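# Summary of the model geometry
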Amino acid sequence: MSCHATGAGAGTTATAERRTGTPFVALVGNPNVGKSTLFNALTGAHQRVGNWPGKTVSVAQGDWRTAGGGRPLRVADLPGSYSLLPDSPDEALVRDVLTAPEGERPDAVVFALDAANPARNLYLLSQILDTDIPVVVALTMTDVAARRGAHPAPDALARELALPVVRVEGRTGTGLDQLADAVREALDAAAPLPGRTSAWAAGSPVAAELAELAAAATGRTPHPARWLAVSLLCGERPSAVPAALAERAGAAADRLAAAAGVGSTDPDPDVDAELLVAEARYAWAHAVIERAAPRPAGARPTLTDRVDRLLLSRGFGIPFFLAVMWGVFQATTALAKPLQDGLGDFVSGPVSGGADRLLEAVHAPGWLTGLLVDGLINGVGQLLTFVPLMIIMFLLLALLEDSGYFARAAFVADRLMRTLRLPGRAFLPLVVGFGCNVPALAGTRILNRRSHRMLVGLLIPYMSCTARLAVYVMIAGVFFGSNSGTVVFFLYVASVLLVVGMGLILRPLLFRDMKEEPLVLELPPYRLPTLRVTGVQVWQKLAAFLRTAGGIIVATAAGVWLLMAIPAAAGHGGFGKVDVEQSVFGTVTRATAPLVAPAGFGDWHATAALGTGLIAKEGVISTLAQTYSAEEDGDPKLTASLHATFEESSGGHQRAAALAFLIFILAYTPCFATLAAQRAEIGTRLTVIGFGIQLTAAWLLAVGVFQIARLVW
């Protein structure tokens, strides 16, 4: 699909929510705890995605329409986070939302707690409790926990935490009504429940210092006092903090570090207040687990554990991943082709023919008929032929994601990423790039180091998005027939190799001081995907494609028709009556054709398609169809014309030229929207450098592929 943002207007602030009287609830949790699945179950189709106000981080928000006619709630699915001491822009957003000034914070927090991995979850919960926002715990993954031998009971956790705890299952809807009741009770209370638990046990040195700092901070800043005290003690410096308070916190941190070494013959110089705070939180978390959900001794490995021993192994992990992706692309090309042909025949036959006859009956001028039939209807027809392809691709990728396998792909790729001095999690935004480069660029915010984000931001455009997939399928189908699926798979492998190769070139040139960091990744259990969750994911991605790519495809088709309707010089016909090759469009593209002649496709039809492909790859096929005066990509006229053109431009090596053309499509700039997203994430300078590198690499690779492949074909 086209690389564009998925929506707008999602970033309504909590203050605005209060003005409308709608309570604002934040859904918070670690990554891969079932939080987004729960969000989809709560909001259904009443949701949208957009940047949070004043941030560049996308947040999904929606209307939670509770059962029984209760008041509607506005719920935001905040990015998955491990800590409120942020290491990434996503975690910084979660911190800023939860610690905003009074009146701008959420009215309540629904905390998704993974019952199968509670320790890390409780660490984040202990930080949220410091904000004094009412909290309701949604206990997820209880079935997985039971299979691992743990049986956390909501009642037992509720007693230990002094918080409402509700067992939920977002995939089936279990517990959603009870969760709504608990949230309404928390909102009605308008304050944390009395006796709420805390990681700060009375009598500990950390608790004593925090109590003094919190008392000193009360009323002096807009932030929650206890959270501010902890943050200052850990070396953070939130905004609007008086210098005297910061100095007092620094002195307290020094006292704690010094006290930790008292009585030790070999004190650890790395022990500081931040480490002591973290140890206190984990000690509290493990104490809660031991009392509420003890794990029996000798628990047997689960099915997930046994499968992971194979799929995450050195010898089997990468080949299995490649086999899975080959199956996805082979199935996509095989299943989508007949559906695309059927839709194409419908548009080029009954629709175009009916419109043509109708316009002729009303004596419409020729230029209007050309605009409507050859421009707009042709563009809509091209859009419709993409739909089956997108549905099948999104469905297969959603099944892989919902099953829990995609997180394993990042683990398997960790060693490959380390050749670039990147963490394994860098593979996740790169994988997202297979769908669309724009959200993949936004996904670089999960990386902690700026240099990592910059390098991955330069590499993402080399990942083959689904917009390029449509071009691959059409060109490969024309020139390689039954082997088209294998050719498409080869292009995706080439995409990964290109990312690695460009990374090895760019890292020493632009990021010499880049440091490695260990991989920290939650692996969700393997699960059978559910129809509802998978359907919602496919619909959301398809709707985003139709909203963004649809307008681009139709506008590109209309714009190309307009340029083809204007004669380049006098004497070649009037508006709408000029031969395409003598139009403004044909003249410009014919002048650029010699530049790609060494790659075997130095013909103006090909350069015209590459030109509109720079705007959006969805325009490549429609431009080819228009320049050949064909209806769409299934038209035999288009197929025959492509064969004839590439045969002539390549000197009889049309397959080699077609492969070189596909390599050029793979390597050069995906679309203008990707450039805009790059500029927002990595800055203007690196975006311009990346643009030049992409065009240069595309030309060199296409020429090299053609010159070598023509020895075979």
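One can find the structure itself at the top, above this paragraph.
The present account deals with the structure reproduced in this document.

Cut-off values and rules
- Residues numbered from 1 in each chain as written.
- Predicted model: local features only at pLDDT ≥ 70, side-chain atom pairs only at ≥ 80, totals over all residues.
- Heavy atoms only, no water.
- Helix = DSSP H or I, 4+ residues; strand = E, 2+ residues; numbered from the N terminus.
- Buried < 20%, exposed > 50% of the residue type's maximum accessible area, 1.4 Å probe, protein only.
- Contact = heavy atoms within 4.5 Å.
- Areas by Shrake-Rupley, 256 points an atom, 1.4 Å probe, with all protein chains shown as cover.
- Phe/Tyr/Trp six-rings, centres within 6.5 Å; stacked < 30°, edge-to-face > 60°.
- Pairing = 2+ DSSP bridges.
- Right-handed = clockwise from strand over helix to strand, strands pointing away.
- Salt bridge = Lys/Arg side-chain N within 4 Å of Asp/Glu carboxyl O.
- Expected span 1.5 Å × (residues − 1).
- Core = buried A, V, L, I, M, F, W, Y, C linked by side-chain atoms within 4.5 Å.
- Axes fitted to C-alpha atoms, helices over the stretch in contact; angles between N-to-C directions.
- Parallel < 35°, antiparallel > 145°, perpendicular 65-115°, else oblique.
- Left-handed = near helix turned anticlockwise from the far one by under 90°.
- Nonpolar A, V, L, I, M, F, W, Y, C, P; charged D, E, K, R; others polar.
- Arc of directions from axis to C-beta.

## Observations concerning the overall build of the chain
The helix and strand tally for the chain stands at 29 helices and 7 strands. Of all 713 residues assigned to the chain, the portion counted as buried reaches 55%. In the chain, the share of contacts with a sequence separation of at least 24, taken over all contacts with a separation of at least 6, comes to 73%. With the model as given, the accessible surface of the chain reaches about 28,700 Å², and the carbon-plus-sulfur share is 61%.

## Regarding the side chain of K35
Tracing the backbone through its elements, the reader meets K35 in helix α2 (residues 35–43). The class for K35 is buried, based on a relative accessible area of 7%. Once residues within four sequence positions are removed from consideration, K35 is found in contact with L27, V28, G29, N30, D77, L78, P79, G80 and A112.

## Observations concerning the packing of aromatic side chains
Under the criterion given, the structure shown has 9 aromatic pairs. Seen from their ring centres, Y472 and Y492 are 6.0 Å apart, and the 90° between their planes marks the pair as edge-to-face. Taken together, the residues Y472 in helix α20 (residues 466–480) and Y492 in helix α21 (residues 484–510) connect sequence positions 20 residues apart. A single burial state applies to Y472 and to Y492, both of which are buried.

## Digging into the pairing of strand β5 (residues 108–114)
When you tally the buried positions in β5, you get 7 out of 7 residues, the bulk of the element. Where burial is concerned, the two faces of β5 agree: the one with A108, V110, A112 and D114 and the one with V109, F111 and L113 are both buried. Bridge analysis of strand β1 (residues 24–29) against β5 gives 5 bridges, and the strand direction is parallel. The residue bridging L27 from the neighbouring strand is V110, located in β5. With 6 bridges connecting them, β5 and strand β6 (residues 135–140) associate as parallel partners. Bridge pairing links V110 to V136 in β6. Read from β5 through helix α4 (residues 118–129) to β6, the crossover connection turns out right-handed.

## Details of the pattern of salt bridges
Proximity of charged atoms lets side chains of opposite charge pair with each other. In the structure shown here, the tally under the stated rule is 10 salt bridges. Across the salt bridge formed by D130 and R226, the nearest N and O atoms sit 3.0 Å from each other. Taken together, the positions of D130 in the loop between α4 and β6 and R226 in helix α9 (residues 225–233) put the pair 96 residues apart, joining distant regions of the chain. For D130, the salt bridge is made with R281, and the minimal N-O distance between the two is 3.0 Å. Of this pair, D130 sits in the loop between α4 and β6 while R281 sits in helix α11 (residues 273–292), and the two are 151 residues apart along the sequence. The pair formed by D130 and R281 is uniform in burial state, with each residue classed as buried. Salt bridges sharing partners connect three or more residues here, namely R95, D96 and E236.

## Details of helix α7 (residues 176–189)
Helix length check: α7 (14 residues) gives 20 Å between terminal C-alpha atoms against 20 Å at 1.5 Å per residue, within 8%. Here α7 has its buried residues at L176, L179, A180, A182, V183, R184, A186 and L187.

## Quick look at the nonpolar core
Ranked by size, the top nonpolar core spans 93 residues in total, and within it I475, F601, L624 and L642 carry the most contacts. Considering every element that reaches this core, the biggest residue donor is helix α27 (residues 654–667), with 12 residues. Sequence-distant contacts of L624, defined by excluding residues within four places in its chain, comprise M474, I475, H605, A609, L638 and L642. V94, L210, L245 and L276 belong to the second-largest nonpolar core, a separate cluster that totals 65 residues.

## A closer look at the pairing of strand β4 (residues 73–77)
Taking burial as the measure, the 5 residues of β4 include 5 buried ones, the bulk of the element. Along β4, one buried face is formed by L73, V75 and D77 and the opposite face, lined by R74 and A76, is buried too. Looking at chain direction, β1 and β4 are connected through 4 bridges and run parallel. From the neighbouring strand, L27 faces β4, where its bridge partner is D77.

## Describing the packing of α4 against α11
In contact at an axis separation of 9 Å, α4 and α11 are set at 120° when each is read in the N-to-C sense. Between α4 and α11, the angle falls in the class oblique. Our pair here, α4 against α11, has a crossing hand that is right-handed. Touching P118, A119, L122, Y123, S126, Q127 and L129 of α4 are A278, R281, Y282, W284, A285, H286, V288 and I289, all from α11. Residues of the contact of α4 with α11, tallied by class, amount to 11 nonpolar, 3 polar and 1 charged.

## So, the environment of A569
Considering the arrangement of structural elements, one finds A569 in the loop between α22 (531–565) and α23 (584–592). Between the alpha carbons of A569 and T587 there is a distance of 9.7 Å; along the sequence they are 18 residues apart.

## Digging into α23
Among the residues of α23, F585, G586 and T589 are the ones counted as buried. Across the axial projection of α23, the buried residues extend over an arc of 90°, all falling on one side. Of the exposed residues in α23, the ones pointing more than 90 degrees away from its buried face are V588 and A591.

## Structural notes on the side chain of S81
Note that S81 resides in the loop between β4 and α3 (89–98). When sequence neighbours within four positions are dropped, the list of residues in contact with S81 reads G29, N30, P31, E91, V94 and L124.

## Brief notes about the environment of A249
The residue A249 is located in helix α10 (residues 243–261) in this model. Take A249: its relative accessible area is 0%, and that puts it in the buried class. Residues A249 and E209, 40 residues apart in the sequence, show an inter-C-alpha distance of 8.7 Å.

## Here's the deal with the packing of helix α28 (residues 672–682) against helix α29 (residues 684–709)
One can describe the packing of α28 onto α29 by two numbers: an axis separation of 7 Å at closest approach and a directional angle of 140°. Classified by the angle their axes make, α28 and α29 are oblique. Crossing geometry of α28 relative to α29 is assigned as right-handed. When α28 is examined against α29, the residues L675, Q678, R679 and I682 are found in contact with a partner set consisting of T684, L686, T687, F691 and Q694. Classifying every residue of the contact of α28 with α29 gives 4 nonpolar, 4 polar and 1 charged.

Note that all results are geometric; they support no functional claim without further evidence.
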